[in-house]
Amino acid sequence: MAPLLLILLALSVAGEDPFQQVLLKEAAASKGAVCLDGTPGAYYIHRGSGSGANKWILFLQGGGWCESEQDCYSRSSSALGSSASYGPTFTPSYEGGDGLLGTDPTTNPDFYNWNLVYAMYCDGASFAGDQAEPIIVNGKKIYFRGWRVLNAILTDLMSKGMASAERAILGGCSAGGLAAYQHCDYFASLLPNAHVRCIADAGYFPDFKTPRGVYHVREAYTTVYTMQNVSGGINQGCIQALPPTEQAKCFFPMYMINYLKTPIFALNSGYDSWQTKADWFWGVKDYNDCASDLTKCNASQLAVVQDYHQMFLATLQPILNSSTHGAYIDSCFAHCQSSKWSTGVTIANTTRQQAFSAWYSGTSVKLVDCPWPCTQPGSSCNGVQAPCP
């Protein structure tokens, strides 16, 4: 899992309505809410108006994890480990832009005028780590404080009106999608009088044995869990249910989902382009072309890809069988799909925007595309490669 993947998430799109920066300097000084390099945590906000003035979306940025002390040291000099390069304004693009975080009612009709918040990801552990003291790597102090950064963001938002929210959504993509699973119940607990739901975009990372016979993701998550002291910053129902030797498993949505009380919507590809390339095919020879473009897979390679798809759907059953959770699992070869969600991809002639809005309004939604290359009526993927249309 390349830790600096998705650095493009910090880029802005010209012409969009920008969000305004909030740099949490006071919380950094008084609470230790800092990025890997010790700079303050931060978020960007676009204030709601009209019927959305008392409704909130908090979206957690993604960008992989740092899986060793040296990895975190390297990351601390980037926008995924430091707020030093953050500008005064930001416009969501790859994650939520012209989609869940869009301000145009034609593309985001249900949430365009809500208070929209984009939390910057600078800790390398899905906003969950909390080590009291920094470590020293190559003479530089490295801080593991993502849980404090998240709490500082939430505290600041509560003071800005979120405490009296009527409706609220916690979301995120990739590592931020994983964070949405982990922090969903905690977020809901802070807003007992609000209608709270969560959405995890490309955040369902399964615990699987790769074709090489190794548990690559488990090894990575276990390292992150221990190194950053994650236990207090993830779903506590799962932590309390498992013995200490098994608690690192709670970092995986497939193990913690049975303890999640707040309804969540899984927006995912059944052929996630990041998971297949970086995780499923990790270290496997002669699969680079196939892992990057499914149309280049030969028959035996495609059989391995289909094994991944079957495994993914099997681990997703707790959500698919739930009476409260929702799901939109397409067969596009893609990663992160909460942007531009009102057009392009469809399952049963239903867009991502339509599916989530219907589910948020109380309709049961469990849409799962047929296996790639899916050609069933109403499905728009039809073998297309990332990004989906």
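Everything below is about the structure shown above.
## Here we look at the packing of helix H3 (residues 146-159) against helix H4 (residues 175-189)
No. 1: It is the contact of H3 with H4, at a shortest axis distance of 12 Å, that shows an interaxial angle of 35°. Seen from above, H3 lies across H4 with right-handed handedness. Counted together, Trp147, Leu150, Asn151 and Leu154 of H3 and His183, Tyr186 and Phe187 of H4 form the full contact between these two elements.
No. 2: Among the residues forming the contact of H3 with H4, the class breakdown is five nonpolar, two polar and no charged.

## Details of the state of the cysteines
No. 1: Across all of its chains, the model carries seven disulfides by this definition.
No. 2: Put simply, Cys184 and Cys198 are joined by a disulfide, and their sulfur atoms are 2.2 Å apart. Here the S-S torsion is close to 100°, and the disulfide linking Cys184 with Cys198 is therefore right-handed. Taken as a pair, Cys184 in helix H4 and Cys198 in strand E9 (residues 195-201) lie far apart in primary sequence, 14 residues in all.
No. 3: Across the disulfide from Cys370 sits Cys374; the S-S distance is 1.8 Å. When the S-S torsion is 110°, as for the bridge of Cys370 with Cys374, the disulfide is right-handed. Take Cys370 and Cys374: they sit in the same class, and that class is buried.

## Examining the layout of surface pockets
No. 1: In this structure, the second largest pocket encloses a volume near 250 Å³.
No. 2: What lines the second largest pocket is Leu24, Lys25, Glu26, Ala27, Ser30, Lys31, Arg148, Asn151, Ala152, Thr155 and Asp156.
No. 3: Partitioned by chemical class, the residues of the lining of the second largest pocket number three nonpolar, three polar and five charged.

## Things to note about the environment of Ile57
No. 1: Along the chain, Ile57 falls in strand E3 (residues 55-60).
No. 2: Residues within four places of Ile57 in sequence aside, it is in contact with Leu100, Leu101, Phe111, Trp114, Asn115, Leu116, Val117 and Ile169.

## Digging into unusual backbone geometry
No. 1: Note that the residue after Trp372, namely Pro373, is joined by a cis bond; omega there is -5°.
No. 2: Positive phi values are uncommon outside glycine, yet Asn138 reaches one of about 55°.
No. 3: With respect to the element layout, Asn138 can be found in the loop between strand E6 (135-137) and strand E7 (140-142).
No. 4: Since its relative accessible area comes to 54%, Asn138 is described here as exposed.
No. 5: The backbone of Cys336 sits at a positive phi, close to 70°, despite the residue not being glycine.
No. 6: Under the relative-accessibility criterion, Cys336 is labelled buried at 8%.

## Thoughts on the side chain of Asp272
No. 1: Residue position: Asp272 is located in the loop between strand E10 (264-269) and helix H8 (273-280).
No. 2: The buried charged residue Asp272 lacks any salt bridge, with Lys277 as its nearest oppositely charged partner at 12 Å.
No. 3: Within the local environment of Asp272, its side chain forms a polar contact with the side chain of His335, the two groups lying 2.8 Å apart.
No. 4: Other than its neighbours up to four places away in sequence, Asp272 contacts Ala202, Tyr308, Phe333, Ala334 and His335.

## Observations regarding the nonpolar core
No. 1: Counting 86 residues, the largest nonpolar core has Leu58, Trp65, Leu157, Tyr181, Phe187 and Phe251 as its most contacted members.
No. 2: Residue contributions to this core peak at eight residues, all from H4.
No. 3: In terms of nonpolar packing, the next biggest core, distinct from the first, is built from 37 residues, Phe19, Cys35, Phe90 and Ala334 among them.

## Side note on the packing of aromatic side chains
No. 1: Considering all chains together, one arrives at 26 aromatic pairs under this definition.
No. 2: Clustering of aromatic rings is evident, with ring pairs tying together Phe111, Trp114, Phe265, Trp341, Phe356, Trp359 and Tyr360.
No. 3: Looking at Arg218, its charged tip hangs above the ring of Tyr215, at a distance of 4.0 Å from the centre.
No. 4: The lysine or arginine in question, Lys249, covers the ring of Tyr255, its NZ or CZ lying 5.4 Å from the ring centre.

## Observations concerning the pattern of salt bridges
No. 1: In the structure shown here, the tally under the stated rule is four salt bridges.
No. 2: In this structure, Lys160 and Asp156 form a salt bridge, with 2.6 Å as the shortest nitrogen-oxygen distance.
No. 3: Under the relative-accessibility criterion, Lys160 is labelled partly exposed at 30%.
No. 4: Among the salt bridges present, the one from Lys249 reaches Glu246, with a minimum N-O distance of 3.0 Å.
No. 5: Residue classification places Lys249 among the partly exposed positions, given a relative accessible area of 31%.
No. 6: You can call Glu246 partly exposed: its relative accessible area is 30%.

Rules used throughout
Per chain, residue numbering runs from 1 following the sequence as it is written. Reporting in this predicted model follows two pLDDT cut-offs: at least 70 for local features of residues, and 80 or more for side-chain atom pairs to be given and counted; totals over whole chains, interfaces and linings ignore these cut-offs and use all residues. Water and hydrogen atoms were dropped before computing side-chain values, which therefore reflect all heavy atoms in the structure. The axes are straight lines fitted to the C-alpha atoms, using for helices just the contacting stretch, and the angles between their N-to-C directions are given from 0 to 180°. Helix and strand assignments come from DSSP, with helices taken as H or I runs of at least 4 residues and strands as E runs of at least 2, each series counted from the N terminus. By convention the crossing between two helices is left-handed if the near helix lies anticlockwise of the far one by an angle smaller than a right angle, and right-handed if it lies clockwise. Any two residues having at least one pair of non-hydrogen atoms within 4.5 Å are treated as being in contact. Residue polarity follows a fixed list, in which Ala, Val, Leu, Ile, Met, Phe, Trp, Tyr, Cys and Pro are nonpolar, Asp, Glu, Lys and Arg are charged, and the others, Gly among them, are polar. Two cysteine sulfur atoms form a disulfide, by the criterion used here, when they sit within 2.5 Å. Type-normalised accessible area, obtained with a 1.4 Å probe on protein chains alone, sets the label of each residue: buried when under 20%, exposed when over 50%, and partly exposed for intermediate values. Detection works on a 1 Å grid of protein atoms alone, calling trapped sets that fit a 1.4 Å probe cavities and calling open sets with protein on both sides within 12 Å along at least five of seven lines pockets, with lining residues defined by an atom within 4 Å of a point. Grid points are joined across faces, edges and corners, and a volume is the space filled by probe spheres set on the points. Positive charges come from Lys and Arg, negative ones from Asp and Glu, while His and the chain ends are left out of the count. Every case where a carboxyl oxygen of Asp or Glu lies within 4 Å of a side-chain nitrogen of Lys or Arg is listed as a salt bridge. Side-chain atoms alone can form a polar contact between residues adjacent in sequence; in general such a contact is a pair of N or O atoms within 3.5 Å, and within protein one must be able to donate a hydrogen while the other accepts it. Nine residue types can take part in a nonpolar core, namely buried Ala, Val, Leu, Ile, Met, Phe, Trp, Tyr and Cys, and a core is a set of them joined through side-chain atoms within 4.5 Å. Aromatic rings from Phe, Tyr and Trp, taking only the six-membered ring of Trp, are treated as a pair when their centres fall within 6.5 Å; an angle between ring planes under 30 degrees marks them as stacked, one over 60 as edge-to-face, and anything in between as tilted. Our definition puts a charge over a ring when NZ of Lys or CZ of Arg is within 6 Å of the ring centre and also within 35 degrees of the ring normal.

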